[in-house]
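As a plain string of letters, each chain reads:
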Amino acid sequence: MHLSGAFNLKLMDGDGTYPSCSRNGEGEDRWEEERRGEGEEEEKNKKEATSFPDWSCEKAQKRAGAVREEWRISETGPLERRVRDLLGSNSLLAATRMDAVDALRAFFVFASCTILSVTLSQSLRSRFVPYGARATSTTESNSNPSPSESSWGSPVTRPLDYLAALKVPHGYFTQFYIASVLSSIFWAVQLLSRGAAFEAVATRIRPERLQDVMTLNQILLCWALVLVQGIRRLVECLALSKPSSSQMWFGHWLIGIAFYVAVSVAIWIEGAGTLLAHEYTLDHIKITNVPSLRTFLCLPLFLFASGLQHDCHFYLFSLKKYTVPAHPLFNRIVCPHYTAECAIYLSLALLAAPPGEWVNKTILSALVFVAINLGVTAGTSRKWYAQKFGEESVRGKWNMIPVVY
């Protein structure tokens, strides 16, 4: 009894009634009103803290912005906050509003535009575009310029001639594929160990680009294909190359090295969100998964194009001397091995497409570079064949892409 009375007293309201049992539910109404009032007051305080609708004070408006930013950051994860901090602290990225993905795409596009710009000028094209046997032919055709065209007599062309004279052996092509293989191995170690280089790139990607990304299977497949491509081309350069004194401009060599290093990053950069989400080991590598329809269609394209390209390279190596190729692949195309190279990168762009996308835009930008660079070289090869073997040797042939070019 004593305990029951004490308990009842605690439940009694100030006027001695029991709120939960009072007539007409007055206690319940009062509780509801109090709760509603507290909610309205909290909402009002929140609005005043963030909007200051009636304040003209600049200081108050700045405080409101700070509060909004505080609440926005508190709702994001630690990875997104880190990415935002790094993007904000990097003055170059912040000034250009670019992240690592944008920078990589910009490199491919800039290199492509540079090549196109050089080809538009006859003066630049003759100095910097041809290489190997094509460069020899061009040099012979321009060996007797008129006095007014003498390059050393013009202060404008003198620096160009100096740059054009900076050449490296044509055999340095092998270094492209050494760079490709080493870069692939380097990034494999970085991705598995979450190394400093991987962190430096991955944390400079905007948070919204870490959402819809490549799957782990896509990253592994495309990485393996790029490694296989690099190894195959390296073996071909070592086994299917003849001694030659031909040269190429050092700019070709620098751009080639930069391209293959950049491709080794492009192959996984749109899957950085997947790689950051979990720590992966070799145990996660599985080849028993059923391939997707995209893989089922595009992987054979990669393999078929690689086989055609190897066949072309082996045939050209087998020629006793450089003559008009009689291989069936060369019947309708001047440079079918360049066609195969474009098909290889097209298959990679399709295989690496993130969910909901048709292509991987970063690798697509690399494909644009490949198509422009090899397209210019194919055009030069056509002129070289016509000069050396006559116009009949290239009549009715496409330079590189049937029906298109």
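Residues numbered from 1 in each chain as written. Predicted model: local features only at pLDDT ≥ 70, side-chain atom pairs only at ≥ 80, totals over all residues. Heavy atoms only, no water.

Undergrad: What am I meant to see in helix H16 (residues 336-351) here?
TA: Each α-helix turn comprises 3.6 residues. Residues three or four places apart therefore point the same way. Compared with the 22 Å implied by 1.5 Å per residue over 16 residues, the 23 Å span of H16 between its first and last C-alpha is a close match. Counting buried positions along H16 yields 13 of 16 residues, so the element is predominantly enclosed. (Helix = DSSP H or I, 4+ residues; strand = E, 2+ residues; numbered from the N terminus. Expected span 1.5 Å × (residues − 1). Buried < 20%, exposed > 50% of the residue type's maximum accessible area, 1.4 Å probe, protein only.)

Undergrad: Where do I start with the confidence of the model for the protein chain in this structure?
TA: Detailed conclusions should not be drawn from predicted coordinates in areas where pLDDT is low. Per-residue confidence for the protein chain gives a mean pLDDT of 78; residues scoring 70 or more make up 68%. Element-level mean pLDDT values for the protein chain span from 41 in helix H1 (residues 2-11) up to 97 in H16. This model gives residues 1-25 a pLDDT under 50, and the stretch forms 14 contacts once residues within four places in sequence are excluded. In the predicted structure, residues 138-153 sits below a pLDDT of 50 and forms 10 contacts with residues beyond four places in sequence or in another chain. (pLDDT = per-residue confidence, 0-100. Contact = heavy atoms within 4.5 Å.)

Undergrad: Please clarify how the pattern of salt bridges should be interpreted in this entry.
TA: For the structure on display, the rule yields eight salt bridges. Two residues, Asp102 and Arg209, come together in a salt bridge whose shortest N-O distance is 2.9 Å. Placement of the pair is Asp102 in helix H6 (residues 100-120) and Arg209 in the loop between helix H11 (196-202) and helix H12 (216-239), with a sequence separation of 107 residues. In this structure, Arg105 engages Glu270 in a salt bridge whose closest nitrogen and oxygen atoms are separated by 3.0 Å. Within this pair, whereas Arg105 is found in helix H6, its partner Glu270 is found in the loop between helix H13 (250-269) and helix H14 (272-277), the two being separated by 165 residues in sequence. Residue Arg105 is classed as buried on the basis of its relative accessible area, which comes to 19%. Members of the salt-bridge network, linked through shared partners, are Asp99, Asp102 and Arg209. (Salt bridge = Lys/Arg side-chain N within 4 Å of Asp/Glu carboxyl O.)

Undergrad: Quick question: what am I supposed to make of the packing of helix H15 (residues 293-318) against H16 here?
TA: To characterise two packed helices, one gives the angle between the axes of the helices and the distance between these axes. Relative to each other, H15 and H16 sit at 160°, their axes nearing to 8 Å. Classed by the angle they form, the pair H15 and H16 counts as roughly antiparallel. Between H15 and H16 the crossing geometry is left-handed. Where H15 abuts H16, its residues Arg294, Thr295, Cys298, Leu299, Leu301, Phe302, Ala305, Ser306, Gln309, Cys312, His313 and Leu316 lie against Pro336, His337, Ala340, Glu341, Ala343, Ile344, Ser347, Leu348, Leu350 and Leu351. Residues that form the contact of H15 with H16 fall into these classes: 14 nonpolar, six polar and two charged. (Axes fitted to C-alpha atoms, helices over the stretch in contact; angles between N-to-C directions. Parallel < 35°, antiparallel > 145°, perpendicular 65-115°, else oblique. Left-handed = near helix turned anticlockwise from the far one by under 90°. Nonpolar A, V, L, I, M, F, W, Y, C, P; charged D, E, K, R; others polar.)

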